[in-house]
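Observations on the model geometry
Okay, here's what each chain looks like letter by letter:
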Amino acid sequence: MDREQLLRELSEFLRIPSVSTLTAHNEDCRHAAEWVAAELRRLGCHDVQFLGSDTHPVVWGQGPEVPGAPTLLLYGHYDVQPPDPLAEWTTPPFEPTVRDGRVYARGSADDKGQVFCLLKAIDGAKPPVNFRFLIEGEEEFGSKVLFDLLRREPERVNADAVLVADMSYVAPGWPAIYTTLRGLCYAEITVRTAKSDLHSGEYGGAAPNAHEELCRLLGRLKGEDGKVNIPGFYAPVKRPSKAELAAWKKLPFNEKDFLTKRVQGKKLLGLKKYSVLERLWALPTFEIHGILGGFTGEGAKTVIPAEATAKVSMRLVPNQTLKAVERQLAAAVKRLAPSYVTASVRFLHGADPAQIEVDAAPFKLLGQAFKQVTGRSTVPARAGGSIPVVPALASAGAPVILTGIGLPDDRLHAPNEKLDLKQLWEGIDVFRRFYELLGAASE
Ligand code: BES
Ligand code: MN
Ligand code: MN
């Protein structure tokens with residue numbers, strides 16, 4: 001199919017504002033699921049179903065069927081993160097625009113553009129592979145629908161291999177296969193200091209202030225040195241082997257470039273004893289995403305807020321578990337909040353970390369596919385992000401291949417998310433080649 005036509009079709013998918021965490025977009029999520037389902041039917045799937053939810057269904061597909069051929073399960077997600085702050089987008093997030101060989105839109109790299117590659121690689125090629133599809137619509141909100149589905153029907157993940165395309169190259173020209181994903185524990189910490197808000201003149205100087213207490217509490221949870229002060233938090237964390245750390249030194253990653261070109265800040269922070277890659281890939285984190293409460297509207301209001309809430313999350317690394325970290329955070333908040341404050345923790349969603357052995361044959365075949373199409377095979381790397389359902393995808397024992405065709409500067413979750421068209425076209429070719437190699441390997 002010609003590229004103009006492909007780009008038109010991708011743009012149609014990208015125009016759907018399928019933001020899973022905002023209920024106002026429920027219909028859009030459904031609409032994106034329908035886009036995926038129509039595509040699967042067109043590819044010759046004889047069984048396409050919406051599972052688990054009316055608004056954020058998992059799109060299941062099966063076929064085309066090739067007797068005796070290996071079964072490959074393709075995973076991706078059609079939901080996206082909220083696009084705000086809108087004012088910072090050069091062109092609107094749901095009006096895909098091509099500039100300088102890149103398509104700018106929310107979801108272009110994460111993950112609609114990559115789902116598009118997985119599907120278009122099948123189109124017209126008829127590789128000797130039995131395809132299964134699990135394309136979910138709640139990845140950005142913890143994947144509850146898919147988790148529940150796989151608990152009820154674990155056989156959905158039965159396959160000879162699972163391909164997850166939701167990540168990036170480690171650098172331009174350097175495709176990767178990932179050996180770990182960090183997990184996540186997302187929570188709201190709420191602090192209450194009085195029955196209701198108070199006039200800051202009448203009460204200021206003597207009454208407690210919820211925002212002040214919340215800030216202090218957050219400051220205690222993570223110190224200025226970057227260390228997370230949650231008892232037990234680091235205990236299960238293992239350092240990467242010497243060989244792995246040495247291999248990372250050979251990757252085209254430069255701490256200075258990371259600061260000036262990617263972060264575009266003035267200083268990198270975190271645990272100084274460890275390299276930046278170790279901080280990003282092999283250590284757990286604590287981040288504040290937003291603080292709610294008090295007066296933030298136009299103008300000025302003199303009030304002492306009685307309640308304040310912080311949205312926070314912790315990234316978890318192999319051997320940490322979501323369950324244990326939830327308990328540790330709840331206990332730490334209780335311990336660190338002063339007695340005159342009511343502090344509570346509500347957990348929104350989370351995921352265990354994932355660790356994958358990458359020796360099985362399908363990993364090598366993907367490496368070959370990348371080599372044949374891009375000139376370079378894959379390097380093993382770790383990922384800082386999370387894909388909650390990966391441990392469940394791995395539970396039936398099939399090798400789960402974590403890869404992607406994005407680039408590190410795609411600005412996932414941020415304004416001006418983009419996907420380079422070179423990556424898009426290469427991505428389609430790489431996956432098509434991989435399907436052929438996988439099919440040929442078992443003939
Ligand atoms: N595609 C990302 C995960 C990712 C990003 C992996 C970068 C590796 C490198 C995925 O869509 C994502 O953003 N996941 C969320 C999951 C969370 C909301 C449970 C994340 O990591 O924040
Ligand atoms: Mn994603
Ligand atoms: Mn994402």
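These numbers were taken from a predicted model, which means no experiment stands behind them.

For the rest of this paragraph, the subject is helix 3 (residues 112-120). Counting buried residues in helix 3 gives nine out of nine residues, a clear majority hidden from the surface. The set of residues buried in helix 3 consists of K112, G113, Q114, V115, F116, C117, L118, L119 and K120.

Inspection of the secondary structure puts T309 in strand 13 (residues 307-316). Beyond its immediate sequence surroundings of up to four residues, T309 is in contact with E188, I189, T190, L214, G290, I291 and L292.

With that out of the way, let us pick up unusual backbone geometry. Residue P85 is bonded to the preceding D84 through a cis peptide linkage, with omega at 0 degrees. By secondary structure assignment, the location of P85 is in the loop between strand 3 (71-77) and strand 4 (97-99). Here the amide bond leading from D110 into D111 is cis, since omega sits at 0 degrees, within 30 degrees of zero. A positive phi angle, close to 50 degrees, is found at D100, a residue other than glycine. Relative to the helices and strands, D100 resides in the loop between strand 4 and strand 5 (102-104). Note on D100: relative accessible area 72%, which makes it exposed. Even without glycine at this site, R411 takes up a positive phi of about 60 degrees. Along the polypeptide, R411 turns up in the loop between strand 17 (400-403) and strand 18 (418-420).

This part takes up the packing of helix 3 against helix 12 (residues 421-441). Relative to each other, helix 3 and helix 12 sit at 40 degrees, their axes nearing to 8 Å. One way to sum up the angle between helix 3 and helix 12 is to call them oblique. As helix 3 runs across helix 12, the sense of the crossing is right-handed. Of the residues in helix 12, those in contact with G113, F116, C117, L118 and K120 of helix 3 are L424, G427, I428, F431, R432 and Y435. Of the residues that constitute the contact of helix 3 with helix 12, the class distribution is seven nonpolar, two polar and two charged.

A word on the coordination of the manganese ion (ligand 2). As a benchmark, a tetrahedral metal site with four donors has ideal angles of 109.5 degrees, while an octahedral site with six donors has ideal angles of 90 or 180 degrees. Surrounding the manganese ion (ligand 2) are the protein donor atoms H77 (NE2), D110 (OD), D166 (OD) and D166 (OD), at 1.9 to 2.4 Å. Viewed at the metal, the six donor atoms of the manganese ion (ligand 2) are separated by angles of 57 to 165 degrees, and the geometry they form is irregular. On the primary sequence, the residues serving as donors to the manganese ion (ligand 2) are separated as H-x32-D-x55-D. Here the manganese ion (ligand 3) and the manganese ion (ligand 2) are spaced 3.6 Å from one another, each receiving a donor from D110. Of the two residues, H77 sits in strand 3 while D110 sits in the loop between strand 5 and helix 3, which places them 33 residues apart along the sequence. For the pair formed by H77 and D110, the shared burial category is buried.

Thresholds applied
Residues numbered from 1 in each chain as written. Chains lettered and ligands numbered in written order. Predicted model: local features only at pLDDT ≥ 70, side-chain atom pairs only at ≥ 80, totals over all residues. Heavy atoms only, no water. Buried < 20%, exposed > 50% of the residue type's maximum accessible area, 1.4 Å probe, protein only. Helix = DSSP H or I, 4+ residues; strand = E, 2+ residues; numbered from the N terminus. Contact = heavy atoms within 4.5 Å. Axes fitted to C-alpha atoms, helices over the stretch in contact; angles between N-to-C directions. Parallel < 35°, antiparallel > 145°, perpendicular 65-115°, else oblique. Left-handed = near helix turned anticlockwise from the far one by under 90°. Nonpolar A, V, L, I, M, F, W, Y, C, P; charged D, E, K, R; others polar. Donors = N, O, S within 2.8 Å, 3.2 Å for Na, K, Ca; no water. Tetrahedral: all angles 85-135°; square planar, octahedral: opposite > 155°, others 65-115°.

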